[in-house]
Amino acid sequence: RRSSDLSSGINAEYGDYIAISNMGRLIFTVLFLLLVIKGQNAQFTLVDEQGRQITEANQRGLLLYNGGTVCDDSFTDNAASAICIELGHAGQQNWDSSGGWSIQTNYDIELDDVSCSTSSWSDCTYSDSHNCGHSEDVFLTCTSASDQIDAIGFTLVDEQGRQITEANQRGLLLYNGGTVCDDSFTVLAAKAICIELGYAGQQSWDSSQSWSIQTNYGIELDDVSCSTSSWSDCTYSDSHNCGHSEDVHLNCVPEVTSSSFTIVNEAGGDGQGRGLRRRVSYLHLSSTICAPG
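These figures come from a predicted structure and were not determined experimentally. In this convention, every chain numbers its residues from 1, walking through the sequence in written order. Where local features are concerned, this predicted model is filtered to residues with pLDDT of at least 70; where side-chain atom pairs are given and counted, the filter is 80 or more; whole-chain, interface and lining totals use all residues. Based on all heavy atoms of the structure, the side-chain values leave hydrogens and waters out of the count.

K.L.:
What is the right way to read the nonpolar core from this model?
P.N.:
Ranked by size, the top nonpolar core spans 23 residues in total, and within it Phe154, Leu173, Val180 and Phe185 carry the most contacts. Of all the secondary-structure elements, those providing two or more residues to this core are strand E9 (154-157), strand E10 (171-175), helix H3 (187-196), strand E13 (219-226) and strand E15 (248-253). Helical segments are the DSSP runs of H or I of at least four residues, strand segments are the runs of E of at least two, and each set is numbered from the N terminus. No other element matches H3, which puts five residues into this core. Counting 21 residues, the second-largest nonpolar core is a separate cluster that includes Ile54, Leu63, Trp95 and Trp121. Note on terminology: a nonpolar core comprises buried Ala, Val, Leu, Ile, Met, Phe, Trp, Tyr and Cys residues joined through side-chain atoms within 4.5 Å. Burial here depends on accessible area, computed with a 1.4 Å probe over protein chains only, as a share of the maximum for the residue type. Under 20% is buried, over 50% is exposed, and the range in between is partly exposed.

So, in structure tokens, the structure goes:
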């Protein structure tokens, strides 16, 4: 009987050990899966100056990743667009970096060296170690679908990679987040693209590797050839044999309110007569033009 009692006690202790071991394995597995899921999904948020989460578009916010700030090293327009899309928005309106909010020092810096070859987060690399200060924290403004420019994938960015939306500014031409090679590119192509971007036409274009940000982008378009200044009359290739020294830079001009000239007779009526009067339509005024002598 003593032997039986001893055997029963051992079996009970062994059963408890097995149960504890199984529970330990289960806890370990759950924690491991949580870490894997956390690593696979970018946990981005935007917060305002009081640290409250921003969920609407068109509001500038401090960018956080897993509860810490994001450093601007290697950060470009592509990265901003990719993150805005991850946040459920259509794309980015603009981004900048500064240490302007007092709440920034409440956070650790969680992400650095964010580099994206396209506007998809799956094409981005990054580091979870950093050599930054909070003066390099990224601030981001995202856009909703209704704010996006219908420009068949074209954008212009400045030397810091920020989108250009005003005329008369030289910018690096991007197509779907990559640069455009100058092979076959002409004034007609420049004008067609400016018109697609909502401008009246092109002021000038050139190609060079004058900005350091160019190497952050892939080359997305080549052999752009246009027979007229309409994009529908253009052909192109999405493969290339170019280097960034051939990247197109473009300067567009705004819409200009037209003025018209007419010939008037002595009674001021339209027709063939001596004198010339200019009608300035946007001022609703008429004025004569003085001839020399």
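K.L.:
Sorry if this is basic, but what is going on with the state of the cysteines here?
P.N.:
The disulfide criterion is simple: two cysteine sulfur atoms within 2.5 Å. Scanning the model with the defined rule gives six disulfides in all. Two residues, Cys84 and Cys142, share a disulfide whose sulfurs are 2.0 Å apart. In this structure, the disulfide formed by Cys84 and Cys142 twists by about -85° around the S-S bond and is classed as left-handed. Here Cys84 is found in helix H2 (residues 77-86), whereas its partner Cys142 is found in strand E8 (residues 138-143), with 58 residues between them in sequence. Neither residue differs from the other here; Cys84 and Cys142 are each classed as buried. Numbered in order of appearance, the disulfide-bonded cysteines of the protein are paired 1-5, 2-6, 3-4, 7-11, 8-12, 9-10.

K.L.:
Where do I start with the packing of aromatic side chains in this structure?
P.N.:
Each aromatic ring pair is described using two quantities: the centre-to-centre distance and the angle formed by the ring planes. In summary, the pairing rule links any two rings of Phe, Tyr or Trp, Trp by its six-membered ring, whose centres are within 6.5 Å, and it sorts them by plane angle into stacked for under 30 degrees, edge-to-face for over 60 and tilted for everything else. Considering all chains together, one arrives at 11 aromatic pairs under this definition. Geometrically, the ring pair formed by Phe75 and Trp95 is edge-to-face, given 4.9 Å between the ring centres and 65° between the ring planes. Here Trp95 lies in strand E5 (residues 91-97) and Phe75 lies in the loop between strand E4 (68-70) and H2, a separation of 20 residues in the sequence. The pair formed by Phe75 and Trp95 is uniform in burial state, with each residue classed as buried. When the ring of Tyr175 is compared with that of Tyr236, the centres are 6.2 Å apart and the planes differ by 55°; the resulting orientation is tilted. Placement of the pair is Tyr175 in strand E10 and Tyr236 in strand E14 (residues 234-237), with a sequence separation of 61 residues. Aromatic ring contacts, followed pair by pair, group Phe44, Tyr65, Trp121 and Tyr126 into a single cluster.

K.L.:
Help me out: how do you make sense of the pattern of salt bridges in this one?
P.N.:
Pairs can form between side chains of opposite charge once their charged atoms are near each other. By salt bridge we mean one thing: a side-chain nitrogen of Lys or Arg within 4 Å of a carboxyl oxygen of Asp or Glu. Summed over the entire model, instances satisfying the criterion amount to four salt bridges. Ionic pairing is found between Asp96 and Arg60, a salt bridge with its closest N-O pair at 2.9 Å. Taken together, the residues span a long stretch of sequence, with Asp96 in strand E5 and Arg60 in the loop between strand E2 (53-54) and strand E3 (61-65) at a distance of 36 residues. You can call Arg60 partly exposed: its relative accessible area is 34%. Arg162 is the partner of Asp158 in a salt bridge, and the nearest nitrogen-oxygen pair spans 3.2 Å.

K.L.:
Where do I start with the side chain of His249 in this structure?
P.N.:
Topologically, His249 is positioned in strand E15. N or O atoms within 3.5 Å of each other form a polar contact, as long as, within protein, one can give a hydrogen and the other can take it, and as long as residues adjacent in sequence are counted only when both atoms are side-chain atoms. Here Gln214 takes part through its side chain, which lies 3.4 Å from a polar atom of the side chain of His249. Working rule for contacts: check all heavy atoms of both residues, and any pair within 4.5 Å makes them a contact. Sequence-distant contacts of His249, defined by excluding residues within four places in its chain, comprise Arg170, Gly171, Leu172, Leu173, Ser204, Trp205, Asp206, Ser208, Ser210, Trp211 and Gln214.

K.L.:
I would appreciate a short explanation of unusual backbone geometry in the present structure.
P.N.:
The phi angle of most residues is negative, glycine excepted, and most peptide bonds adopt the trans form. Positive phi outside glycine occurs at Asn58, with the angle close to 65°. Within the element layout of this structure, Asn58 appears in the loop between E2 and E3. For Asn58, a relative accessible area of 39% corresponds to the partly exposed category. Even without being a glycine, Asn176 presents a positive backbone phi close to 50°.

K.L.:
Sorry, what's going on with the environment of Gln53 here?
P.N.:
Locating Gln53 in the fold gives a position in strand E2. Separated by 11 residues in the primary sequence, Gln53 and Leu64 place their C-alpha atoms 9.9 Å from one another. If sequence neighbours within four positions are ignored, Gln53 has contacts with Thr45, Leu46 and Val47.

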